[in-house]
2 protein chains.
Amino acid sequence: MNEIALQLRKFAKENHRLPSYSELAKMFGFASKNAAFKLVNKLVDAGILEKDHKGKLKLKGLGLPMVGYVQAGFPSPAEEELVDTLSLDDYLIQRPESSFLLKVTGDSMIDAGVMEGDIVIVEKGGNPKNNDIVLAQVDKKWTLKYFYKNGKIVKLIAANKNYPEIFPKEELTIGGIVTAVIRRYR
Amino acid sequence: MNEIALQLRKFAKENHRLPSYSELAKMFGFASKNAAFKLVNKLVDAGILEKDHKGKLKLKGLGLPMVGYVQAGFPSPAEEELVDTLSLDDYLIQRPESSFLLKVTGDSMIDAGVMEGDIVIVEKGGNPKNNDIVLAQVDKKWTLKYFYKNGKIVKLIAANKNYPEIFPKEELTIGGIVTAVIRRYR
DNA sequence: AATATAGGTGAACGAACGTTCACTTGTCAA
DNA sequence: TTGACAAGTGAACGTTCGTTCACCTATATT
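Report follows, based on the coordinates. Here the structure is a predicted model, which is why all the values come from computation and not from measurement. (Residues numbered from 1 in each chain as written. Chains lettered and ligands numbered in written order. Predicted model: local features only at pLDDT ≥ 70, side-chain atom pairs only at ≥ 80, totals over all residues. Heavy atoms only, no water.)

**Digging into the pattern of salt bridges**
Then, in step 1: Under the definition given, this model contains twelve salt bridges over all chains.
Then, in step 2: Of the charged contacts in the structure, one is a salt bridge between Glu23(A) and Arg17(A), with a shortest N-O distance of 3.1 Å. For the pair formed by Glu23(A) and Arg17(A), the shared burial category is buried.
Then, in step 3: In this structure, the salt-bridge partner of Asp111(B) is Lys161(B), at a minimum N-O distance of 3.4 Å. Here Asp111(B) is found in the loop between strand S4 (99-103) and strand S5 (119-123), whereas its partner Lys161(B) is found in the loop between strand S8 (153-157) and strand S9 (173-184), with 50 residues between them in sequence.
Then, in step 4: Residue Asp111(B) is classed as partly exposed on the basis of its relative accessible area, which comes to 42%.
Then, in step 5: Overlapping salt bridges, with partners in common, bring together Arg17(A), Glu23(A), Asp52(B) and Lys54(B) in one network. (Salt bridge = Lys/Arg side-chain N within 4 Å of Asp/Glu carboxyl O. Buried < 20%, exposed > 50% of the residue type's maximum accessible area, 1.4 Å probe, protein only. Helix = DSSP H or I, 4+ residues; strand = E, 2+ residues; numbered from the N terminus.)

So, in structure tokens, the structure goes:
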């Protein structure tokens, strides 16, 4: 049952869509697409699949279990918002039309867990709040910094003891607010 | 032109598929689906869209620009593998069938940039190499640690000076290898 | 003034779509 | 042994699919 879902996800990964019933029949070795039809209906009942108002198929969920804290025996599933979010894209990128990806260079935010080589998602045009990580232009150089504002005074602080606090003089340019960090190993 | 791509991505986000030509005509206010057909062909020529062998539409790329290091003027696009990777799912999850998500508790890997509340993607069943971050069971408790092996001696090290090195006695259970970290702000 | 061109309409095509129905199995419980 | 049932076949249905064609404007170019 889960085997089937895996194959569907693989198909979706390659084709950006789910197969039709005739394609399903072919990939499962059925001679009749009605066999695929019945199989699909069972998956729908099991809550793995959904159907459009047009009958088009739609996968539910990301496919990965989300475990909360890991207990003595084995990981225990944790109910989370992410579980029924279908894709990490949707989870990480709220406003795709005004976001971009930035590969991190430098260690200015290392104590905030943002390391060199990480990819951050930056959202343009918002109003940064205190404690937000912003992409800011300081002395004609772009860097990541914590943003603080007290009255009219703006302060940019690196998450690294070796960097000084910065009080920009007028010419502060905010490139955007960091809304997410992703890092891949190997 | 890019406006259209945005609407397509929005549709794809909601429906997990791209619209048909009649749906396209409706969403753009065309009376004839042939108008949509011609529009789509221009997008294909522009490299924004692709077509199946069946004529089904397929979006190219993630939709977000990836900028390398940010220069004086404004971000400069950087060619990266991610750009033509269509989704962060594919980028972050290589083996969905043997991976799960884990919400990080504790600060044992804080110096590795893995903070409490982050979500890590854990891949089960692989053979950890030196320097990998593993989910390991130590004294019946699951924690994240750096993995080191020298001959027969396995060492687990936290990325946190306050934690001691651990030399497990036989009963070392590896839950999996951390392959990615994601963190969302706000 | 004549003409090419881009962008839209509307009808038509064969093919593929999702769905339904009647029928044939094999398997397991009563 | 019988009956129920799950699982697959094969044909058929109306609808929608992607695509093509002929035609109609406007707008811009020659």
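Next comes the rest of the account.
**Examining the protein's contact with DNA strand C**
Then, in step 1: As a structural note, the neighbourhood of DNA strand C is formed by 19 residues, with Ser20(A), Ser22(A), Asn34(A), Asn34(B) and Lys38(B) the closest of them.
Then, in step 2: Looking at DNA strand C alone, sugar and phosphate atoms form 56% of those within 4 Å of the protein.
Then, in step 3: Asn34(A) places a side-chain nitrogen or oxygen 2.5 Å from a base nitrogen of DNA strand C.
Then, in step 4: Contact between DNA strand C and Lys42(B): a phosphate oxygen at 3.1 Å from a side-chain N or O atom of the residue.
Then, in step 5: Where the surface near DNA strand C is concerned, the elements lending two or more residues are helix H2 (21-28) and helix H3 (33-45) of chain A together with helix H3 (33-45) of chain B.
Then, in step 6: Class assignment of the residues belonging to the surface near DNA strand C gives a composition of five nonpolar, six polar and eight charged. (Near = heavy atom within 4 Å. Polar contact = N/O pair within 3.5 Å; in protein donor to acceptor, adjacent residues only side chain to side chain. Nonpolar A, V, L, I, M, F, W, Y, C, P; charged D, E, K, R; others polar.)

**Observations regarding the relation of the copies chain A and chain B**
Then, in step 1: In screw terms, the move from chain A to chain B is a rotation of 180 degrees and a rise of 0.0 Å along the axis, fitting with an RMSD of 0.1 Å. The relationship between the two copies is best expressed as a two-fold rotation axis. Residues of chain A ranked by C-alpha distance from the rotation axis are headed by Gly113(A), positioned 1.9 Å from it.
Then, in step 2: Here 100% of the contact residues of chain A are again contact residues in chain B; the copies associate through an equivalent surface. (Least-squares fit on C-alpha atoms with pLDDT ≥ 70 in both. Contact = heavy atoms within 4.5 Å.)

**Concerning the packing of aromatic side chains**
Then, in step 1: Enumeration according to the criterion identifies six aromatic pairs over all chains in this entry.
Then, in step 2: With 6.4 Å between their ring centres and 50 degrees between their planes, Tyr146(A) and Tyr148(A) make a pair best called tilted. (Phe/Tyr/Trp six-rings, centres within 6.5 Å; stacked < 30°, edge-to-face > 60°.)

**What to know about the protein's contact with DNA strand D**
Then, in step 1: Residues in close proximity to DNA strand D total 19 residues, the closest being Asn34(A), Lys38(A), Ser20(B), Ser22(B) and Asn34(B).
Then, in step 2: Among the atoms of DNA strand D lying within 4 Å of the protein, the sugar-phosphate backbone contributes 54%.
Then, in step 3: One of the side-chain N or O atoms of Ser32(A) is found 2.9 Å from a base nitrogen in DNA strand D.
Then, in step 4: At a separation of 2.2 Å, a phosphate oxygen of DNA strand D approaches a polar side-chain atom of Ser22(B).
Then, in step 5: Contributions of two or more residues to the surface near DNA strand D are made by H3 of chain A together with helix H2 (21-28) and H3 of chain B.

**Let's talk about the interface of chain A and chain B**
Then, in step 1: Between chain A and chain B, the residue contacts involve 70 residues of the former and 70 residues of the latter.
Then, in step 2: Counting the surface lost from both chain A and chain B, the interface buries some 6300 Å², and carbon and sulfur atoms represent 58% of this.
Then, in step 3: A salt bridge links Arg17(B) to Asp52(A); its shortest N-O distance comes to 2.8 Å.
Then, in step 4: Here chain A and chain B share 20 residue pairs in polar contact (both at pLDDT 80 or more) between them.
Then, in step 5: The element contributing the most residues to the side of chain A that touches chain B is strand S9 (residues 173-184) of chain A, with eight residues.
Then, in step 6: By residue class, the composition of the side of chain A that touches chain B is 36 nonpolar, 13 polar and 21 charged.
Then, in step 7: Pairing of S9(A) with S9(B) involves five bridges; the strand directions are antiparallel. If you follow Arg183(A) over to S9(B), its bridge partner there is Val181(B). (Buried area = accessible area lost by both parts, 1.4 Å probe. Pairing = 2+ DSSP bridges.)

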